[in-house]
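Survey of secondary and tertiary structure
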Amino acid sequence: MGIRDQFQDKAEQLKEQAQKARAGAQDEASERREQARERGQDAQERAGQRSRRGQEQAEDAADGAHDRFQS
């Protein structure tokens, strides 16, 4: 095997390593995007729950005030 063949083999090996590294990085980025999306959904859900609780508390306070003025 000549030097040219050795260089071509090494170039092919490096090319394959680069492709594998790129695929791994893409998989990792995809997984991180999915985790971030899930965290965002969880945060939205918690915010919605807090909003509903606040609205219920405000309605209860308004009902209580209305009842006191009606008495």
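Heads up: the structure comes first, above all this text.
Residue positions are counted from 1 within each chain, in the order its sequence is given. Given that this is a predicted model, residues contribute local features only at a pLDDT of at least 70 and side-chain atom pairs are listed and counted only at 80 or more, while totals for whole chains, interfaces and linings are drawn from all residues. Computation of side-chain values covers all heavy atoms of the structure but excludes hydrogens and water.

**Considerations on the overall build of the protein chain**
- Under the DSSP-based scheme used, a helix requires at least four consecutive residues in state H or I and a strand at least two consecutive residues in state E, with every element numbered from the N terminus. Along its length, the protein chain carries 1 helix and 0 strands.
- What you see for the protein chain is a C-alpha radius of gyration of 31 Å, clearly larger than the 11 Å of a compact globule of 71 residues, by over 25%.
- Counting only C-alpha atoms and orienting by the principal axes, one finds that the protein chain spans roughly 105 × 10 × 5 Å.
- When a residue's accessible area, from a 1.4 Å probe over protein chains only, is under 20% of the maximum for its type it is buried; when over 50% it is exposed; and in between it is partly exposed. The burial tally for the protein chain puts 0% of its 71 residues in the buried class.
- Per-residue and other accessible areas were derived by the Shrake-Rupley procedure at a 1.4 Å probe size, with only the shown protein chains allowed to occlude residues. Surface exposure of the protein chain reaches about 6600 Å², of which carbon and sulfur atoms provide 47%. For this measure, only C-alpha atoms enter the radius of gyration; the expected value for a globule follows 2.2 Å times N^0.38, where N is the number of residues.

**Some words on the pattern of salt bridges**
- For this analysis, a salt bridge means a side-chain nitrogen from Lys or Arg found within 4 Å of a carboxyl oxygen belonging to Asp or Glu. Scanning the entire structure with this criterion turns up 2 salt bridges.
- Across the pair Glu28 and Arg32 runs a salt bridge, and its minimum N-O distance is 2.6 Å. Within this pair, Glu28 and its partner Arg32 are both found in helix H1 (residues 3–70), separated by 4 residues, close to a single helical turn.

**Points about a negative patch on the surface**
- The patch calculation keeps residues exceeding 30% relative accessible area without a salt bridge and links them within 9 Å when they carry like charges or within 5 Å when they are nonpolar (Val, Leu, Ile, Met, Phe, Trp, Tyr). We count Lys and Arg on the positive side and Asp and Glu on the negative side, and we leave His and both chain ends out. To locate a charge, the coordinates of NZ of Lys, CZ of Arg, CG of Asp or CD of Glu are taken. Together, Glu56, Glu59, Asp60, Asp63 and Asp67 make up a region of like negative charge exposed at the surface.
- Mapping Asp63 onto the fold places it in helix H1.
- Note on Asp63: relative accessible area 48%, which makes it partly exposed.

**What about the environment of Gly2?**
- By the element assignment, Gly2 lies in the segment before H1.
- Relative accessible area serves as the criterion here: at 34%, Gly2 is assigned to the partly exposed category.

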